[in-house]
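Structural overview for review
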Amino acid sequence: MVGSVIDGEDIVQEALAKAFVAIRNGDMPEKTEPWLFRITHNSALDFLRKRARSRTRESEVEIDTIADEGSPIDARIAAEASLAELMQLPPAQRCIVVLKDVLGHSLEEIGEILETTETAIKGALQRGRESLRKLADAPRAALPRPTLNQHDMRRLGDYVAAFNARDFDALRGLLADDVKLELVNRLRAEGKEYVGNYFGRYSDETHWHFTIGLVEGRPAILVTSPDRPDGSPRYFILIHLENGRIAGIRDFLFADYVMDGVDYVSQLPSPVDPR
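What counts, and at which threshold
- Residues numbered from 1 in each chain as written.
- Predicted model: local features only at pLDDT ≥ 70, side-chain atom pairs only at ≥ 80, totals over all residues.
- Heavy atoms only, no water.
- UniProt positions renumbered as here; feature names shortened; annotations may be inferred.
- Salt bridge = Lys/Arg side-chain N within 4 Å of Asp/Glu carboxyl O.
- Helix = DSSP H or I, 4+ residues; strand = E, 2+ residues; numbered from the N terminus.
- Buried < 20%, exposed > 50% of the residue type's maximum accessible area, 1.4 Å probe, protein only.
- Expected span 1.5 Å × (residues − 1).
- Contact = heavy atoms within 4.5 Å.
- Polar contact = N/O pair within 3.5 Å; in protein donor to acceptor, adjacent residues only side chain to side chain.
- Patch = residues over 30% accessible without salt bridge, like charges linked within 9 Å, V, L, I, M, F, W, Y side chains within 5 Å.
- Areas by Shrake-Rupley, 256 points an atom, 1.4 Å probe, with all protein chains shown as cover.
- Pairing = 2+ DSSP bridges.
- Axes fitted to C-alpha atoms, helices over the stretch in contact; angles between N-to-C directions.
- Phe/Tyr/Trp six-rings, centres within 6.5 Å; stacked < 30°, edge-to-face > 60°.
- Lys NZ or Arg CZ within 6 Å of the ring centre and 35° of its normal.
- Parallel < 35°, antiparallel > 145°, perpendicular 65-115°, else oblique.
- Left-handed = near helix turned anticlockwise from the far one by under 90°.
- Nonpolar A, V, L, I, M, F, W, Y, C, P; charged D, E, K, R; others polar.

An unreviewed UniProt entry annotates the protein chain as Sigma-70 family RNA polymerase sigma factor originating from Mesorhizobium tamadayense. Word for word, the UniProt comment on the protein chain under Sequence similarities (unreviewed entry) is "Belongs to the sigma-70 factor family. ECF subfamily." Turning to the protein chain, the UniProt record has this under Subunit (unreviewed entry): "Interacts transiently with the RNA polymerase catalytic core formed by RpoA, RpoB, RpoC and RpoZ (2 alpha, 1 beta, 1 beta' and 1 omega subunit) to form the RNA polymerase holoenzyme that can initiate transcription."

Structure, rendered in structure tokens:
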């Protein structure tokens, strides 16, 4: 829905928090799954509204052509669609195509989740499928490879080099005074002194190797196995840089499931000009 496993993880956590509050207040319905999907869907829409520069509303014009509920061809196209293609659909179409053709929900179940009519669902499904067919038939242009600027590459390289050398004192020296840490699914902390203790977890372990990379275009550390440093990353750590210091760390050690389908590139530091 939002085109990002990182943002999607935030939305799932927010939705679960809302669900726990509702359950505590005695608001849990009999059918749990559509209820949770509805909370998550609404959280995703709230996120998209905040991210968009201007709000647009999809027309609710009635259409003559009604979608075939059980089209295997459309289901295959949707399942094989890239994230970039799905993101070109309006949110309502995107949600219904994913629920119907990717996750396999019935029109009745989608109606429960979205609290809308079957006619509206069929209309959005039809338009979404037509758009995906056109996108699937269109030639795909090669996307430019994202890169880090030289300054951020150098700073991130220092961080990675110190980590691989297990020089945790040097790592603490790279932190901003008000650095923020999120060990996703476990804890949040703030402040150089407190966050510095986070390195103790890594000092006690030996099954990691760090390399520089980008995850969804964001500066990151890719964590691989020491015996296969050039292999596929097991998880990643997002790094936020400000004024040459590490201002934010988001470690996905305990949320490694986000690696399923994540867009990442590995980058080796460029030679530094001695001048």
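Anyway, onward from the coordinates.
1. Some words on the pattern of salt bridges
Taken as a whole, this structure holds 13 salt bridges when the rule is applied. A salt bridge links glutamate 112 to lysine 31, with the nearest nitrogen and oxygen atoms 3.3 Å apart. Taken together, the residues glutamate 112 in helix H6 (residues 107–114) and lysine 31 in the loop between helix H1 (5–24) and helix H2 (32–51) connect sequence positions 81 residues apart. You can call glutamate 112 partly exposed: its relative accessible area is 27%. Among the charged side chains, a salt-bridge network with shared partners connects Asp10, Glu182, Arg188 and Arg250.

2. So, H1
For H1, spanning 20 residues, the distance from its first C-alpha to its last is 28 Å, which sits close to the expected 28 Å at 1.5 Å a residue. Contacts made by the buried residues of H1 are with H2, strand E3 (209–215), strand E4 (218–224), strand E5 (235–242) and strand E6 (245–251). Put simply, serine 4 is the residue that caps the front of H1, since its side-chain oxygen is 3.2 Å from the backbone nitrogen of isoleucine 6. Directly after H1, the chain includes glycine 26, whose backbone phi takes a positive value near 80°.

3. Describing a nonpolar patch on the surface
A contiguous nonpolar surface patch, about 440 Å² in accessible area, is contributed by Val12, Leu16, Phe20, Ile23 and Met28. By secondary structure assignment, the location of isoleucine 23 is in helix H1. The class of isoleucine 23 is partly exposed, set by a relative accessible area of 37%.

4. Topic: the environment of valine 262
Structurally, valine 262 can be placed in the loop between E6 and strand E7 (264–266). For the pair valine 262 and glutamate 216, spaced 46 residues apart in sequence, the C-alpha separation works out to 7.4 Å. Once residues lying within four places of it in the same chain are set aside, the contact partners of valine 262 are Val5, Val215, Glu216 and Phe236.

5. Observations regarding the sheet that holds strand E1 (residues 175–183)
Taken together, the seven strands give an open sheet; going across it, the order is E2-E1-E6-E5-E4-E3-E7, and neighbouring strands pair in mixed fashion. Among the strands making up the open sheet, the edge pair consists of strand E2 (187–190) and E7. Along the sheet, successive strands turn relative to each other by an average axial angle of 25°, direction set aside. The pairing of E3 with E7 spans three bridges and is antiparallel. Each residue of the ladder has a partner; that of leucine 214, found in E7, is valine 265. Contacts from helix H8 (residues 150–164) reach E3, E4, E5 and E6 within the one sheet, and its direction differs from that of E3 by about 150°.

6. Some words on the packing of aromatic side chains
Applying the stated criterion across every chain, the model contains 14 aromatic pairs. Each member of the aromatic cluster is reached from another via a ring pair, and the members are Tyr159, Phe163, Phe168, Tyr198, Phe199, Tyr202, Trp208 and Phe210. Over the ring of phenylalanine 254 we find arginine 186, and its NZ or CZ is 3.7 Å from the ring centre.

7. Focus on the packing of H2 against helix H5 (residues 91–102)
At a minimum axis distance of 11 Å, the contact between H2 and H5 shows a crossing angle of 150°. In terms of axis orientation, H2 runs roughly antiparallel to H5. Along this stretch, H2 crosses H5, giving a crossing that reads as right-handed. For the pair H2 and H5, contact is made by Phe37, His41, Leu45 and Leu48 and by Pro91, Arg94, Cys95 and Leu99, respectively. Broken down by class, the residue content of the contact of H2 with H5 amounts to six nonpolar, one polar and one charged.

8. With respect to the packing of H2 against H6
The interhelical angle for the contact between H2 and H6, taken along N-to-C directions, is 55°, at an axis separation of 8 Å. When the interaxial angle is binned, H2 and H6 end up oblique. Note that H2 runs across H6; the crossing there is right-handed. Touching Pro34, Phe37, Arg38 and His41 of H2 are Glu112, Ile113 and Leu114, all from H6. When grouped by side-chain class, the residues that make up the contact of H2 with H6 number four nonpolar, one polar and two charged.

9. With respect to the pairing of E1
Strand residues, when the strand is regular, have side chains that alternate between the two faces of the sheet. Summarising the sheet, E1 and E6 pair through five bridges and their orientation is parallel. The partner of leucine 183 across the bridge, within E6, is aspartate 251. Bridging between E1 and E2 involves four bridges; their strand directions are antiparallel. When the bridges of E2 are listed, leucine 183 appears paired with leucine 187. Hairpin connection, E1 to E2: the antiparallel pair is bridged by three residues, and asparagine 185 has positive phi, about 80°.

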